[in-house]
Amino acid sequence: MPALAFNVPTGVQPEVVAGGSHAAACGASVEPAAGNPPIIVLESVSKTFDAHGHRVVAIDGVDLRVDEGEFVALIGPSGCGKSTLFNIVAGLQDADSGGTIRFGGERRKSTELLGKVSFMPQRDLLFPWRRVIDNVILALEVEGMSRSDARARALPMFAGFGLSGFERHYPNQLSGGMRQRVALMRTFLFERPLMLLDEPFGALDSLTRAMMQRWLLDVWQLHRRTVLFITHDIDEAIFLGDRVVVMTARPGRMKLSVEVGIERPRHADIRTSAAFLEIRKTLLAAIEEESMKSFLSESV
Amino acid sequence: MTRSPFLRNGLVQVAPLLLCLVAWEVLARIFGSTHAVMPPVSTILLGIFADGNTLLRSFGRTLAETVLGFVPAAAFGFIAGALFARVRIAERMFFPLFLISQTVPVVAFGALVIIWFGNGIMSKVAIAFYLTFFPVTVNTLRGLRAVDQDKINLLKSFGASAWMLFWRLEVPHALPGIMAALLLGVSLSLVGAIVGEWFGATVGLGIVLVQAMYAEDMVRLWGAILLCGILGSTLYGLVAFAARRWVWWGGEI
């Protein structure tokens, strides 16, 4: 099925993708990074669960592509299968047969992605018995690096993550925002081609959250990773992403992909800029429509 | 100003105990004129000192039995729990046996154990062991099973082997529960050692208790009771201290 692409003067490039469409549609108009294959491409990936005898289609023909160095934010109404998608991209769950997943150009089964993607779930999952420094080096340690080498590697990063002076603290001595930064640092230290973040700031109050978003951009600018960022917060998605992808209500599929043409580095005040508001309007309309659908289907 | 909260806490906890001892002393002197009912504390303490050598030997013996039963039971309990947690068929096959073994009151086995292991130290160690391993097995099994699946997934994504998962995640997660079982177990081990001595032994606090009972020697009886209490609370205190010092994250899990 063809994708309909509109060129909007503000730099917004919405792209409407009909459900179940095949691959190349989503993100086709995004220019690929020079030469390199995209980090990950999902083509009509579906997942059906069997819940007490009925079939529940969590996601249905999802197409998604993330290029190298790109920051893609994914939003969708609640219950749209975001966490199913997270589990598939993280390699924790197998997708139904039928779709294809390419990782770094090679075709993979979902479960083969485990260990290739550094992911961070909503909860920080810190180990209470380990000091902050030993929490962040967990991946390095598992990979066989000695504890002292791993610590030496992590120590210079503490300042950048706003955790200087807390290296030897235990997680229960930290605030929620700090714990989240520790978890992010642990994710950064597990260096993989793709970072998958699932609402990492969802549990934080709005002020802390805004600070963390600015901070994440700084860190991202510095380390330049490819990020797939799942959220339900439209502003967060626009503020952070190079591109925002919207999912439909359950069964989830891709509804829209919007290029955020706002220059980096981005400052807090871009949230009130015309370009930002323009994108916000487009996304809000799409999300509202989907939320209404999922609301109506639940109330039946 | 009080010097440290530790000292102040200590005082708060010790004061009532001292008060009880004073009340005991006074009441025993006023009412219990005959030692046949309740000798005053001071008389009991003097009795302990007078009989120092025998009681010290008995104390040491019962301590040895308790520790020698407790330590292997803790290790065995942990290994069995870990095995059950990992190999479901082993749990299905052997856990019921563990459970049944615990439904028989230990005193029912007493005579048998003495015949098998003799009236030396081994029989008491065996009974202490028998009473102790089960709670450790249960809490190890439960703790290892209750690990957050998300944490397991996270470690797996880092490429962790089953062995790493076990030592870096599952065991630390289970430790608070295991420590709780050890606290219970150390008290049970002492009970096992004392009860074991009743069935046949030559030294030990249990023997002192039985001998004092037959001789109706109230001072000696109370002396032995006091020593049992000191032994029990010291062992409990040591385990509790270790738990608080090294396994403090129980509330975090």
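Within each chain, residues carry numbers counting from 1 in the order of the written sequence. Labels are handed out in written order, letters beginning with A for the chains and numbers beginning with 1 for the ligands. At least 70 in pLDDT is required for a residue's local features to be given in this predicted model, at least 80 for side-chain atom pairs to be given and counted, and no such filter applies to totals for whole chains, interfaces and linings, which use all residues.

**Describing the overall build of chain A**
Argument step 1. In this text, helices come from DSSP runs of H or I with a minimum length of four residues, and strands from runs of E with a minimum of two, each type numbered from the N-terminal end. Check the secondary structure of chain A and you find eight helices and twelve strands.
Argument step 2. With C-beta atoms placed from the backbone, a residue is labelled by how many other C-beta atoms lie within 10 Å of its own: buried for 20 or more, exposed for 12 or fewer, partly exposed between the two. Burial statistics for chain A: of 300 residues in total, 45% are counted as buried.
Argument step 3. For every residue pair, C-beta atoms are placed from the backbone, and the pair is scored as a contact if these atoms sit within 7 Å. Within chain A, counting contacts between residues at least 6 apart in sequence, those at least 24 apart form 70% of the total.

**Looking at the overall build of chain B**
Argument step 1. Scanning chain B from terminus to terminus reveals ten helices and zero strands.
Argument step 2. Secondary structure of chain B in N-to-C order comes out as α-α-α-α-α-α-α-α-α-α.
Argument step 3. Its C-alpha atoms give chain B principal-axis dimensions of about 75 × 60 × 25 Å.
Argument step 4. For chain B, the proportion of its 253 residues judged to be buried stands at 35%.

**Notes on the confidence of the model for chain A**
Residues and elements named next belong to chain A.
Argument step 1. Residue-level confidence of the predictor, termed pLDDT, takes values from 0 up to 100. On average, residues of chain A carry a pLDDT of 84, and 87% of them reach 70 or more.
Argument step 2. Here strand E1 (residues 4-5) is the element of chain A with the lowest mean pLDDT, 38, and helix H2 (residues 132-136) is the one with the highest, 96.
Argument step 3. Predicted confidence is poor over residues 1-33, with pLDDT under 50, and the contacts of this stretch with residues over four places away or in other chains come to 72 contacts.

**Some remarks on the sheet that holds strand E4 (residues 54-66) of chain A**
All names here are of chain A.
Argument step 1. At least two bridges found by DSSP between two strands is the condition for calling them paired. An order of E4-E3-E6-E7 is seen for the four strands of this open sheet, with the pairing classed as antiparallel. Where the open sheet ends on each side, the last strands, each with one partner, are E4 and strand E7 (106-108). Ignoring strand direction, the axes of neighbouring strands in this sheet form an average angle of 35°.
Argument step 2. Inspection of the sheet shows strand E3 (residues 40-51) paired to E4 by nine bridges, in the antiparallel sense. Residue pairing in the sheet places Val45 in a bridge with Val62 of E4. Convention adopted: a line fitted to C-alpha atoms gives each axis, helices being fitted over their contacting stretch, and angles between N-to-C directions are expressed from 0 to 180 degrees.

**Observations regarding the interface of chain B and chain A**
Frequently, the measure chosen for interface size is the accessible area that the parts lose on association.
Argument step 1. Each partner contributes to the interface: chain B provides 15 residues, whereas chain A provides 18 residues.
Argument step 2. Of all the elements in the fold, those that place two or more residues in the side of chain B that touches chain A are helix H7 (149-157) and helix H8 (162-199) of chain B.
Argument step 3. A per-element tally of the side of chain B that touches chain A places H7 of chain B first, with seven residues.
Argument step 4. By the convention adopted, Pro, Cys, Tyr, Trp, Phe, Met, Ile, Leu, Val and Ala count as nonpolar, Lys, Arg, Asp and Glu as charged, and the other residues, Gly among them, as polar. For the side of chain B that touches chain A, a count of residues per class yields eight nonpolar, three polar and four charged.

**What to know about the nonpolar core**
Argument step 1. The term nonpolar core means buried Ala, Val, Leu, Ile, Met, Phe, Trp, Tyr and Cys residues held together as one set by C-beta atoms within 7 Å. One finds Val89, Leu196, Phe229 and Val244 of chain A to be the most contacted residues of the largest nonpolar core, which totals 131 residues.
Argument step 2. Beyond its immediate sequence surroundings of up to four residues, Phe229 of chain A is in contact with Phe71, Val72, Ala73, Leu74, Leu197, Leu240 and Gly241 of chain A.

**Some words on helix H10 (residues 218-246) of chain B**
Residues and elements named next belong to chain B.
Argument step 1. Given a rise of 1.5 Å per residue, 29 residues ought to cover 42 Å, and the 42 Å separating the end C-alpha atoms of H10 matches this to within 8%.
Argument step 2. For H10, the complete set of buried residues consists of Met218, Arg220, Leu221, Trp222, Gly223, Ala224, Leu227, Cys228 and Val239.
Argument step 3. Buried-residue contacts for H10 involve helix H2 (41-50), helix H3 (52-86), H8 and helix H9 (205-215). Each residue after the first adds 1.5 Å to the expected span of a helix.

**Here's the deal with the domain arrangement of chain B**
Residue and element names in this part refer to chain B.
Argument step 1. The domain boundaries here were taken from an automatic or database domain assignment. Domain assignment breaks chain B into domain 1 (1-31) and domain 2 (39-252).
Argument step 2. Between domain 1 and domain 2, the C-alpha centre-to-centre distance is 29 Å.
Argument step 3. Counting residues at the interface gives five residues for domain 1, matched by four residues for domain 2.
Argument step 4. Of the residues in the side of domain 1 that touches domain 2, the class split is three nonpolar, no polar and two charged.

**Notes on the pairing of strand E5 (residues 71-75) of chain A**
All names here are of chain A.
Argument step 1. Across the five residues that make up E5, a large majority, five, are buried.
Argument step 2. Here E5 shows two buried faces, one formed by Phe71, Ala73 and Ile75 and the other by Val72 and Leu74.
Argument step 3. Sheet topology places E5 next to strand E11 (residues 243-247); four bridges connect them, and they run parallel. Considered in E11, the bridge of Val72 is made with Arg243.

**Let's talk about the pairing of E3 of chain A**
When a strand is regular, its side chains alternate between the sheet's two faces.
Residue and element names in this part refer to chain A.
Argument step 1. What sits between the antiparallel neighbours E3 and E4 is a turn of two residues, in which His52 has the positive phi angle 45°.
Argument step 2. In the sheet, E3 pairs with strand E6 (residues 100-103) via four bridges, with the strands oriented antiparallel. Residue pairing for E6: Ile40 is matched across the bridge by Phe103.

**Topic: unusual backbone geometry**
All names here are of chain A.
Argument step 1. In this model, Arg250 is joined to Pro251 through a cis peptide bond whose omega is 0°.
Argument step 2. Examined against the element boundaries, Pro251 turns out to sit in the loop between E11 and strand E12 (254-259).
Argument step 3. Between Arg264 and Pro265 the backbone carries a cis peptide bond, its omega angle lying at -5°.
Argument step 4. Along the chain, the position of Pro265 falls in the loop between E12 and helix H8 (274-299).
Argument step 5. A positive phi angle is found at His52, which is not glycine, with a value near 45°.
Argument step 6. Mapped onto the elements, His52 comes out in the loop between E3 and E4.
Argument step 7. The phi torsion at Arg224 lies on the positive side, around 50°, for a residue other than glycine.
Argument step 8. Residue position: Arg224 is located in the loop between helix H6 (206-223) and strand E10 (226-231).

**Describing the packing of helix H6 (residues 121-145) of chain B against H8 of chain B**
All names here are of chain B.
Argument step 1. Running from N to C, H6 and H8 point in directions that differ by 160°, and their axes come no closer than 7 Å. The orientation of H6 relative to H8 falls into the category roughly antiparallel. Crossing handedness for the pair H6 and H8: right-handed.
Argument step 2. Here the contact of H6 with H8 is built from residues that sort into 17 nonpolar, eleven polar and four charged. An angle counts as roughly parallel when it lies under 35 degrees, as roughly antiparallel when it exceeds 145, as roughly perpendicular when it falls between 65 and 115, and as oblique in every other case. Each crossing gets its handedness from the near helix: less than a right angle anticlockwise from the far helix is left-handed, clockwise is right-handed.

**Thoughts on H9 of chain B**
All names here are of chain B.
Argument step 1. Within H9, the full set of buried residues consists of Leu205, Gly206, Ile207, Val208 and Leu209.
Argument step 2. Where H9 is buried, its residues touch H3, H8 and H10.
Argument step 3. The first or second residue beyond H9 is Glu216, which carries a positive phi of 50°.

**With respect to the packing of H8 of chain B against H10 of chain B**
Residues and elements named next belong to chain B.
Argument step 1. Taken N-terminus to C-terminus, the directions of H8 and H10 make an angle of 160°; their axes are 9 Å apart at the nearest point. Relative to H10, the element H8 lies roughly antiparallel. You can see that H8 and H10 cross each other, and the crossing is right-handed. On H10, the residues that touch Met179, Leu182, Leu183, Val186, Ser187, Leu190 and Ile194 of H8 are Cys228, Leu231, Gly232, Leu235, Tyr236, Val239, Ala240 and Ala243.

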